[in-house]
Amino acid sequence: MNNRSPGNPHLLKFIIASAVCFFIGTVHGVLQVMAPIRAWLDSIGSPYGGPGHMIDPLAHAHINVVGGVVIFIMGASYYLIPKLGGIAIYSRKLVNHTFWWTVCGIAGFYSTLLIFGILEGKAMLANPDSDNAVQAIHRFYGPVIGTVSSIMGMGFWIYFINVFLTIKKKIPLQ
Ligand code: HEM
């Protein structure tokens with residue numbers, strides 16, 4: 001007799017994405033303390049400002065706290081709310097939207113911070129007397145980081161709406 005519970009395979013991807021983000025975040029963390037890399041990051045402004053700040057702490061912080069922690073919490077709460085509250089999640093479609101907007105958002109946010117941090121850092125060191133080279137790259141940063149931040153934000157906001165509409169079923173607000 002097969003007594004295995006059907007489980008929630010659609011939530012597994014949250015756990016896998018969280019583990020992958022923690023892996024990237026920890027490798028990033030170790031690399032940024034290696035002496036030659038540390039010296040390079042310090043020379044481009046990390047952690048206080050400039051291109052270095054994008055790599056350490058911004059990219060490192062967000063891949064770990066958003067990619068690792070928040071995505072895990074999203075998956076875990078979509079599992080625990082029905083278990084603890086005895087209520088089905090409002091929308092399975094919104095569960096999947098939560099995942100894909102947040103994952104695409106953090107992937108875009110992290111790679112944007114890394115790519116602009118590295119490119120602007122190289123331009124800054126190659127042209128110590130002029131800011132023009134850095135600005136020639138940085139003028140694209142605003143629209144790109146604005147777009148990927150909005151995608152990441154959508155993942156959060158869809159999650160909040162789905163949880164709110166789920167809870168609202170249990171606690172009628174009239
Ligand atoms: C849509 C989601 C998010 C966006 C778009 C976002 C964006 C940003 C930006 C642009 C900064 C840099 C501000 C600066 O220039 O110093 C920042 C800093 C930071 N964020 Fe987020 N963030 C998000 C979510 C989160 C979450 C959920 C956490 C924690 C759970 C977090 C933790 C941090 C920390 C710790 C810093 C400061 C890093 C430092 O300078 O030491 N962020 N965030």
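What you see is a predicted model; the values in this text were computed from it and never measured.

Participant: Residue-level account of the packing of aromatic side chains, with values.
Facilitator: Counted by the stated rule, this structure contains 7 aromatic pairs. Centroid distance Phe-116 to Tyr-141: 5.4 Å. Interplanar angle 70 degrees. Geometry classified as edge-to-face. With Phe-116 in helix α4 (residues 92-126) and Tyr-141 in helix α6 (residues 141-170), this pair connects stretches of sequence that are 25 residues apart. Neither residue differs from the other here; Phe-116 and Tyr-141 are each classed as buried. Between Phe-156 and Phe-160 the ring centres are 6.3 Å apart and the planes differ by 55 degrees, which places this aromatic pair in the tilted class. Within this pair, Phe-156 and its partner Phe-160 are both found in helix α6, separated by 4 residues, close to a single helical turn. Aromatic rings pair up to connect Phe-14, Tyr-78, Phe-99, Trp-100, Phe-156, Tyr-159 and Phe-160 into one cluster. Across the ring face of Phe-99, the terminal group of Lys-13 is positioned such that the distance to the ring centre comes to 5.6 Å.

Participant: I'd like to hear about the coordination of the iron atom of the ligand, residue by residue, with values.
Facilitator: In this structure, the iron atom of the ligand receives exactly one donor atom from the protein: His-62 (NE2), at 2.1 Å. Along the chain, His-62 turns up in helix α3 (residues 50-85).

Participant: Just give me the short version of the site of the ligand, but keep the residues and values in it.
Facilitator: Taken together, His-53, Pro-57, Leu-58, His-62, Val-65, Val-66, Phe-109, Ser-149, Met-152, Gly-153 and Phe-156 make up the full set of residues near the ligand. His-53 places a polar side-chain atom, nitrogen or oxygen, 3.2 Å from an oxygen atom of the ligand. Side-chain polar atom of His-62 to a nitrogen atom of the ligand: 2.8 Å apart, as the coordinates give it. Among the elements that take part in the shell around the ligand, α3 stands out by supplying 6 residues, more than any other.

Participant: Mind laying out the environment of Ala-133, listing which residues take part and the relevant values?
Facilitator: Mapped onto the secondary structure, Ala-133 falls in helix α5 (residues 132-138). Along the chain, Ala-133 and Ala-123 lie 10 residues apart, while their C-alpha atoms are 5.8 Å from each other. Excluding residues within four positions of it along the chain, Ala-133 makes contact with Ala-123 and Asn-127.

Participant: For unusual backbone geometry, give the residues involved together with the corresponding values.
Facilitator: With omega at -5 degrees, the peptide bond leading from Ser-46 into Pro-47 counts as cis. Residues Asp-56 and Pro-57 are joined by a peptide bond in cis, for which omega reads 20 degrees. On the secondary structure map, Pro-57 appears in helix α3.

Participant: Explain the confidence of the model for the protein chain to me, using residue names and the numbers behind them.
Facilitator: Mean pLDDT for the protein chain: 94, with 95% of residues reaching 70 or above. Element-level mean pLDDT values for the protein chain span from 93 in α5 up to 98 in helix α1 (residues 12-31).

Participant: Please provide a residue-by-residue account of the pattern of salt bridges, values included.
Facilitator: Counting across every chain of the model gives 2 salt bridges. Between Arg-38 and Asp-42 there is a salt bridge; the shortest N-O distance is 3.0 Å. With Arg-38 and Asp-42 both in helix α2 (residues 35-43) and 4 residues apart, the pair spans about one turn of that helix. A relative accessible area of 42% places Asp-42 in the partly exposed class. Residue Arg-38 is joined to Asp-56 by a salt bridge in which the shortest nitrogen-to-oxygen separation is 2.8 Å. Of this pair, Arg-38 sits in helix α2 while Asp-56 sits in helix α3, and the two are 18 residues apart along the sequence. Each member of the pair, Arg-38 as well as Asp-56, carries the same accessibility label: buried. Three or more residues joined by partner-sharing salt bridges are found here, namely Arg-38, Asp-42 and Asp-56.

What counts and how
- Residues numbered from 1 in each chain as written.
- Predicted model: local features only at pLDDT ≥ 70, side-chain atom pairs only at ≥ 80, totals over all residues.
- Heavy atoms only, no water.
- Phe/Tyr/Trp six-rings, centres within 6.5 Å; stacked < 30°, edge-to-face > 60°.
- Helix = DSSP H or I, 4+ residues; strand = E, 2+ residues; numbered from the N terminus.
- Buried < 20%, exposed > 50% of the residue type's maximum accessible area, 1.4 Å probe, protein only.
- Lys NZ or Arg CZ within 6 Å of the ring centre and 35° of its normal.
- Donors = N, O, S within 2.8 Å, 3.2 Å for Na, K, Ca; no water.
- Near = heavy atom within 4 Å.
- Polar contact = N/O pair within 3.5 Å; in protein donor to acceptor, adjacent residues only side chain to side chain.
- Contact = heavy atoms within 4.5 Å.
- pLDDT = per-residue confidence, 0-100.
- Salt bridge = Lys/Arg side-chain N within 4 Å of Asp/Glu carboxyl O.

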